[in-house]
Amino acid sequence: MGIEWQNEMKKQQEELVRRLAELCSIESVLDESTAGPGAPFGEGIAQALTYMLELGEKEGFLAKNVDGYAGHLEYGDGEELIGVLAHLDVVPTGDGWASPPFSPEVREGKFYARGAQDDKGPAMAAFFALKLIKELGLPLSKKVRLIFGTDEESDWRDMDYYFEREKMPDMGFTPDADFPIITAEKGVADFTLTGQVPKGEAPEEGWLLESFEAGQRFNMVPDLARVRLSGEGDVFELKEKYQDYLITRRIRGYAEESDDHLTLVLEGKAHHGSEPDKGLNAALKLAEFLQELKLDNAGKRYLDFVGDKLTDGFFGEKLGLAQKDERVGPLTVNGGIFRYEVGGEQGIGLNIRYPITGDVTSIQGLLEETTKPFGFSVEVRDNKKGHFVDDHHPLVQTLARVYEEQTGEEAKPLSIGGATYARALDTGVVFGPLFPGSEETAHQRDEFIMVEDLMKAAALYAQAIYELAK
Ligand SMILES: [Zn+2]
């Protein structure tokens, strides 16, 4: 059947953009303060879910709201189930937008709004894909469900709840990262290292490490680190040494003196924790400087751990964790959170991404061995196992063929260190919405999606759903 998917979808553009603007006007940021029955993640998110489900009902799809945790629109008949999994929650906006983030605007072919790219735009594209299939009267031999999650940006509580109650699709895709196809994702685990710090004293002509802190999130490279020192050391000399250290490395930072202590601040560069070797980890850089000083024993031990086990050890080589597989590449270690308080606690938060073949229990065991001499105990705070669909699986083959047919580009399966909703499905991959070379703006100020890209993605989704469910 010679359906011109791109042309057919083009006819929907005006309506698609209008509906997307309505959806993006809803402030669906996690807000526990307005949570209630049917709205576990707050009123905004509940409204966005209701909006999509009502839109679907008007088109004649079967709609189901699963207690506000998630919902789906269903079309087609058959035993087998094809799933498309998108999310309607968005991250907070931050400041400095050119136009208000919840007042969508199209400028020079770009649709601006929080959620434009991540993930309301793709959710709406998938909706119009199914709508087009229905309008064209194409027969399906399987059921299709567009599943809308609502807690992707936080803790994935939506998916646990939903899939405890609803059928797992036989296969499906999530439009929440890159084209052409992502078939493999690393395992992701957060570890906390914690221990006690005795009350200490500055050594003669040296320093007491009073406190050290950097970072708020496991999965981000910290962009600011701060240390407090006290003692009888030469303040002038230390400040000069610090200046030299910063200047030769072209790093920003400063020293601040008060009556009884000295504070050093170092500015790094934030980056996503899946690529800890990019960005500049402020904690590691500050520890590297502090390691050269004469310090109290407990302080020295903490900084030696940071300096010897984490600095330049982004692939776990210094922690004894280095491993890789062919699908997703090497294990990575991001030191995301650092806390130290003399007479209190020491803590480090690590975000570790490991190969499909890796295993969180053995990683924990190795970490315990390496960190014990430094006074830490190790806990797994969160773990998502790696995810992988074989390149020869009909799901991958079908999506690749559709992509190559419509774009004329090769569809070579990719792998990532990040975690997407693909792994919430037993057999799921990522399919778009970002085309190679398009600008990624998710989670950023002035988030946008090119209207042309959005329409191209919608046409791909239409053919993909049809080919999978026909
Ligand atoms: Zn997303």
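Scoring rules and cut-offs
Residues numbered from 1 in each chain as written. Predicted model: local features only at pLDDT ≥ 70, side-chain atom pairs only at ≥ 80, totals over all residues. Heavy atoms only, no water. Core = buried A, V, L, I, M, F, W, Y, C linked by side-chain atoms within 4.5 Å. Buried < 20%, exposed > 50% of the residue type's maximum accessible area, 1.4 Å probe, protein only. Helix = DSSP H or I, 4+ residues; strand = E, 2+ residues; numbered from the N terminus. Contact = heavy atoms within 4.5 Å. Donors = N, O, S within 2.8 Å, 3.2 Å for Na, K, Ca; no water. Tetrahedral: all angles 85-135°; square planar, octahedral: opposite > 155°, others 65-115°. Salt bridge = Lys/Arg side-chain N within 4 Å of Asp/Glu carboxyl O. Lys, Arg positive; Asp, Glu negative; His and termini not counted. Polar contact = N/O pair within 3.5 Å; in protein donor to acceptor, adjacent residues only side chain to side chain. Pairing = 2+ DSSP bridges. Axes fitted to C-alpha atoms, helices over the stretch in contact; angles between N-to-C directions.

## Structural notes on the nonpolar core
Within the largest apolar cluster, 70 residues are counted, with the highest numbers of intra-cluster contacts made by M124, F173 and F431. Per-element accounting of this core gives the leading share, 14 residues, to helix α11 (residues 451-469). Contacts of F173, omitting those with residues within four sequence positions, involve G83, V84, L85, L399, L425, V429, F431, Y461, A464, I465 and L468. F191, V197, A283 and L293 belong to the second largest nonpolar core, which has 51 residues in total.

## With respect to the coordination of the zinc ion
Only H87 (NE2), D118 (OD), D176 (OD) and D176 (OD) from the protein coordinate the zinc ion, and they sit 1.9 to 2.5 Å from it. Bound by four donor atoms, the zinc ion shows angles of 53 to 139° at the metal and therefore irregular coordination geometry.

## Brief notes about the pattern of salt bridges
Tallied over the full model, the rule gives 26 salt bridges. Between E135 and K131 there is a salt bridge whose closest N-O contact spans 3.0 Å. With E135 and K131 both in helix α4 (residues 120-135) and four residues apart, the pair spans about one turn of that helix. For K131, a relative accessible area of 4% translates into the label buried.

## Quick notes on the side chain of K120
As for its placement among the helices and strands, K120 is situated in helix α4. Notably, K120 is buried but unbridged: the nearest opposite-charge side chain belongs to D89, and the N-O separation is 8.8 Å. A polar contact of 2.9 Å, which involves the side chain of K120, links it to the backbone oxygen of I26. Contacts of K120, omitting those with residues within four sequence positions, involve L20, L23, C24, I26, S28, H87, L88, V90 and G115.

## Brief notes about the sheet that holds strand β13 (residues 252-257)
The antiparallel open sheet is built from eight strands, whose spatial order is β13-β14-β12-β11-β17-β18-β10-β19. This sheet does not close on itself; its edge strands, each paired only once, are β13 and β19 (377-384). Ignoring which end each strand starts from, the neighbouring axes of this sheet average 20° apart. Bridge analysis of strand β17 (residues 332-341) against strand β18 (residues 345-354) gives eight bridges, and the strand direction is antiparallel. Following the sheet pairing, V333 is matched in β18 by I352. Of the strands in this sheet, β11 (207-214), β12 (224-231), β13 and β14 (262-267) are in contact with helix α6 (residues 235-249), which crosses β13 at around 170°. Against the sheet, helix α9 (residues 360-371) touches β10 (187-196), β18 and β19, its axis set at about 155° to β19.

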